[in-house]
Every structure is written in C-alpha cells, then in structure tokens.
Amino acid sequence: RTMAKFHSDLEAAKEERRKDYIRKEFEISTTFGSRITKWELVLDEVNDRKVFVSIDTLEQLHMKTAICEKCDEIIVQHEMNCTGCGFPRSAKNQKLFRPLGYKDITLE
C-alpha cells in the first residue's frame, strides 16, 4: 500500500464515523428528545409519580406532556407541529398526539 492510499482510506473511515455519529444523534434526539433541555423528568415523591420539572421556573407538568425537542415549548395535544417553532412532533411525541374530539384522554 502506498501512503496516499492509506491516507485516503483513513479519511474515508473518519468521514464514515462522522456520518454514523450524526445519524445516531438524530435517531436519539428524534426518539427521546435533545440532550439540551430546560425540562427534566423527575420523581414526585409526594404523589409517587414521574413529572417534568422546568429547570428555569420549577413548574411541574404531567409525564405525558408533549414537549418540543427543538425549542422546549409545550405542544398542544391536538397539534402535529410545535406552535413555537413549527417543528414536527418526534416519534416519542407522536404517541402523545390526540386529535380534536378525542374523548378518552386520561392522565394519571
């Protein structure tokens, strides 16, 4: 092997790893949300249930609240896109979607 071939193989492997990292980061953030968020999922020991707590305001929201992964705004249950930034719901938030007229909304 020549040094040029070695360097081109090395660059191709680095590019492949970079693309794989971006793909994994995209899959994780669209499924589970961004790593950078103002909401944390914590256990409410008084009521013995998990809730989202805003790091900024300490506001508590039910665990089944749809939160936008891009701008951290609350997504209204019957909307498919975030009203704050227009970003579509993630796969995780799709499970929380309830169309208008949906009768069986039960929050624990």
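Heads up: the structure comes first, above all this text.
Residues numbered from 1 in each chain as written. Predicted model: local features only at pLDDT ≥ 70, side-chain atom pairs only at ≥ 80, totals over all residues. Heavy atoms only, no water.

In this section: the pattern of salt bridges. Taken as a whole and assessed by the stated rule, the structure comprises 5 salt bridges. Across the pair Arg18 and Glu15 runs a salt bridge, and its minimum N-O distance is 2.7 Å. In this pair, Arg18 and Glu15 both sit in helix α1 (residues 3–32), 3 residues apart, roughly one turn of the helix. With a closest N to O distance of 2.4 Å, Asp20 and Arg23 form a salt bridge. Of the two residues, Asp20 and Arg23 both sit in helix α1, 3 residues apart, roughly one turn of that helix. (Salt bridge = Lys/Arg side-chain N within 4 Å of Asp/Glu carboxyl O. Helix = DSSP H or I, 4+ residues; strand = E, 2+ residues; numbered from the N terminus.)

On to the pairing of strand β1 (residues 39–44). Both β1 and strand β2 (residues 49–54) contribute to a ladder of 6 bridges, which runs antiparallel. Bridge pairing in β2 places Glu40 opposite Val53. What sits between β1 and β2 in their antiparallel hairpin is a turn of 4 residues, with Asp48 showing a positive phi close to 55°. (Pairing = 2+ DSSP bridges.)

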